[in-house]
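Descriptive analysis of the structure
So the chains spell out like this:
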Amino acid sequence: MPLTLDQLNAAPLPEALQMLDGLYEHSPWIAERALAQRPFASLAQLKHTMTRVLDEAGLEPQLALIRAHPELAGKAMVSQTLTAESTHEQTKAGLTNCTPEEFALIQRLNAAYNARFGFPFILAVRGPRGTGLTKAQIIEAFERRVHGHPNFERAECLRNIHRIAEIRLNDKFGFEPVDGQLVWDWQEKLAQHSDPSYAEQGQLTVTYLTDAHRACAQRISHWMKDCGFDEIEIDAVGNVVGRYHPAGAFTAVRAEPVEALANPSTGSGRTAGVGAQAKYLITGSHYDTVRNGGKYDGRLGIFVPMACVQKLHAAGQRLPFGIEVVGFAEEEGQRYKATFLGSGALTGHFDTAWLDQQDADGITMREAMQHAGLCIDDIPKLQRAPTKYLGFIEVHIEQGPVLNELNLPLGIVTSINGSVRYQGEVIGMASHAGTTPMDRRRDAAAAVAELILYAEQRAAQDGDSVATVGMLQVPNGSINVVPGACRFSLDMRAPTNAQRDALVQDVLAKLDEICTRRGLRHTLEETMRAAAAPSAPEWQARWEAATTALGVPLHRMPSGAGHDAMKLHEVMPQAMLFVRGENSGISHNPLESSTADDMDLAVKAFDHVLQQLSTASH
């Protein structure tokens with residue numbers, strides 16, 4: 001019979017230790033120290049307690065734990081001396097059935113890894129879904145990580161050890177993250193659609209209104225129907241919109257024409273009773289991607305609320321408010337220069353001048369929309385009336401390393417950073433690299449290099465500001481010529497507009513000072529400015545209450561990346577929940593990943609917010 005938390009909390013220490021035997025390889029002390037902090041309100045709390053025990057233990061116990069693990073397809077497997085848990089995991093991954101070539105490659109990688117780091121390579125071979133990685137995926141991870149930095153690899157081994165323990169704990173308690181697996185599967189299936197030339201290379205790229213993009217919209221709409229949404233449409237900019245009606249509105253609204261969905265502000269008098277006055281909670285994220293991107297950026301925020309609606313529908317449950325889930329058609333700005341097309345249309349900020357923008361093939365946005373069968377004249381009707389909505393919430397993969405490094409599955413977003421971007425050029429004098437003395441040079445690239453270092457140091461003073469020079473070019477540069485010009489980009493972000501503006505003021509003043517001192521001149525063009533979007537306190541508090549109820553420690557953090565919530569922030573209260581990413585939280589990259597367990601917690605947190613709102617509505 002599976003264990004229960006009540007049994008674990010009540011058992012004498014020796015018996016409780018036996019219950020948790022085998023979670024950490026040959027290291028029962030981790031469970032023993034964790035059990036001293038009983039009772040546990042949830043498995044998530046127990047899991048995090050064990051990660052904290054190991055984190056506080058120090059370097060030598062951590063290294064001892066890593067070294068207690070067997071090599072993948074190594075000597076212990078051959079001699080059949082693996083623990084029962086490791087035997088099960090390596091067998092399930094197919095490592096006990098390698099071809100001679102695969103076995104030889106893994107042995108070479110084992111030797112190289114051990115020689116470099118002094119400990120064995122550790123990977124949670126049951127993977128992010130818990131059902132197992134393929135041998136090809138295991139070997140790819142091995143080949144990538146053998147070149148890592150020693151400190152990072154040690155931490156990555158520990159993170160994988162915690163993931164192994166999490167899956168083993170799930171097995172002991174008979175727990176399966178069903179909702180998280182559903183969300184995970186939706187994302188995997190949606191990733192089957194990719195733009196031409198990328199699809200052939202196995203890369204995920206879905207840009208606005210391509211065939212792959214439209215196929216994604218169709219898939220999402222069909223899954224929404226399966227989940228039990230009452231109204232579903234693909235609107236005039238390609239957003240996929242699903243609505244789950246509030247209690248008292250269902251039968252009256254079914255016969256209403258779908259155009260009412262496009263402009264809820266025209267829906268007065270739609271229904272009698274509760275449904276007529278009920279507001280909607282709006283949520284969602286984008287389904288387009290960057291080029292060669294990840295599977296979870298944006299899409300996680302569509303599928304988490306869809307899973308919640310599916311559960312409500314299956315239980316025959318209606319809430320005092322409706323739920324509107326939007327798969328925003330465009331956020332990344334990949335095919336056209338305009339960004340936030342989907343969420344911008346809902347806030348009334350779709351600029352019709354965008355329709356004349358051309359993609360790399362000379363196709364205008366207007367032509368692409370007409371080809372997709374979208375009705376451009378209906379775009380103004382998409383604007384939402386804020387008075388009809390409770391607010392906007394968004395779930396998103398973190399896209400950074402913070403939660404991953406802290407071993408936390410969820411994070412509370414305090415603000416989406418305000419940002420400003422520039423394109424600049426420093427102009428000096430090109431001259432001979434061999435004959436121009438160092439004190440007589442007007443080196444444009446050296447000036448920009450100095451600016452880069454200052455921007456890095458200045459942003460670090462704030463702790464949560466960031467500054468990046470991501471593009472750097474010396475026009476017509478030669479190996480034996482002092483650079484006479486240097487073009488650069490400059491991106492600066494901070495959680496508040498005031499903090500951002502102070503950073504910008506200091507960096508631009510430094511640019512002036514550098515150029516004056518070096519006898520140079522510069523040009524600078526502001527190309528983008530976005531206001532910070534602080535979370536509405538009452539909505540942030542709801543996410544915090546949900547996280548606390550799950551037994552997960554609170555971690556508040558700003559979002560350095562932009563999100564659709566920034567646009568909705570302009571017209572209604574918003575707040576975001578971050579979900580931990582694997583592989584150091586990397587995003588805009590094929591290695592972007594999250595686990596079914598973390599996604600399951602996100603669904604539970606969303607459910608809890610719905611419960612809070614329902615209670616407040618009564």
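These lines cover the structure that appears in this document, whether it is placed above or below. None of these values were measured; they are calculated from a predicted model.

Conventions used here
- Residues numbered from 1 in each chain as written.
- Predicted model: local features only at pLDDT ≥ 70, side-chain atom pairs only at ≥ 80, totals over all residues.
- Heavy atoms only, no water.
- Helix = DSSP H or I, 4+ residues; strand = E, 2+ residues; numbered from the N terminus.
- Rg over C-alpha atoms; globule rule 2.2 N^0.38 Å.
- Contact = heavy atoms within 4.5 Å.
- Lys, Arg positive; Asp, Glu negative; His and termini not counted.
- Charge placed at Lys NZ, Arg CZ, Asp CG, Glu CD.
- Salt bridge = Lys/Arg side-chain N within 4 Å of Asp/Glu carboxyl O.
- Buried < 20%, exposed > 50% of the residue type's maximum accessible area, 1.4 Å probe, protein only.
- Pairing = 2+ DSSP bridges.
- Axes fitted to C-alpha atoms, helices over the stretch in contact; angles between N-to-C directions.
- Parallel < 35°, antiparallel > 145°, perpendicular 65-115°, else oblique.
- Left-handed = near helix turned anticlockwise from the far one by under 90°.
- Nonpolar A, V, L, I, M, F, W, Y, C, P; charged D, E, K, R; others polar.
- Core = buried A, V, L, I, M, F, W, Y, C linked by side-chain atoms within 4.5 Å.

Moving on, we get to the overall build of the protein. Counting secondary structure elements, the protein contains 24 helices and 16 strands. Against the compact-globule benchmark of 25 Å for 618 residues, the protein has a radius of gyration of 27 Å, which places it among compact chains. By principal-axis analysis of the C-alpha atoms, the protein measures approximately 80 × 75 × 45 Å. For the protein, the share of sequence-separated contacts (at least 6 apart) that also reach a separation of at least 24 residues comes to 77%. Put simply, the protein has 56 plus and 73 minus side-chain charges, and the middle of one group is 1 Å from the middle of the other.

Turning to the pattern of salt bridges, a few remarks are in order. Using the criterion set out here, one finds 39 salt bridges in the structure. Of the charged contacts, one joins aspartate 506 and arginine 458 as a salt bridge, the two residues approaching to 2.7 Å between their closest N and O atoms. Here aspartate 506, found in helix H21 (residues 497-518), pairs with arginine 458, found in helix H20 (residues 444-462); they are 48 residues apart in sequence, far enough to count as distant. With a relative accessible area of 30%, aspartate 506 lands in the partly exposed category. Relative accessible area serves as the criterion here: at 7%, arginine 458 is assigned to the buried category. Where lysine 567 meets glutamate 570, a salt bridge forms, and the shortest distance between an N and an O atom there is 3.2 Å. A cluster of three or more residues bridged by salt bridges with shared partners is formed by Glu450, Lys510, Glu513, Arg517 and Arg518.

Counting buried positions along strand S4 (residues 322-328) gives 7 out of 7 residues, so the element sits mostly inside the fold. Across 5 bridges, the pairing between strand S2 (residues 240-244) and S4 is antiparallel. Within S4, the residue paired with valine 240 across the bridge is glycine 327. As paired elements, strand S3 (residues 280-286) and S4 share 7 bridges and run parallel to each other. When the bridges of S4 are listed, threonine 283 appears paired with valine 325.

Quick look at the packing of helix H11 (residues 178-190) against helix H12 (residues 211-227) now. Two numbers describe how H11 lies on H12: the axes approach to 10 Å, and their chain directions differ by 150°. Put simply, H11 runs roughly antiparallel to H12. In this structure, H11 crosses over H12, and the sense of that crossing is right-handed. Packed against H11, whose contacting residues are Trp186, Lys189 and Leu190, the element H12 presents Cys216, Arg219, Ile220, Trp223 and Cys227 at the interface. Here the residues of the contact of H11 with H12 sort into 6 nonpolar, no polar and 2 charged.

With that settled, the discussion passes to the nonpolar core. Formed by 76 residues in total, the largest nonpolar core has its most connected members in Tyr208, Met306, Met365, Met369 and Trp543. Beyond its immediate sequence surroundings of up to four residues, tyrosine 208 is in contact with His213, Val237, Ala329, Glu330, Arg335, Tyr336, Leu341, Met365, Met369 and Leu374. Ala31, Met50, Leu54 and Leu158 belong to the second largest nonpolar core, which has 50 residues in total.

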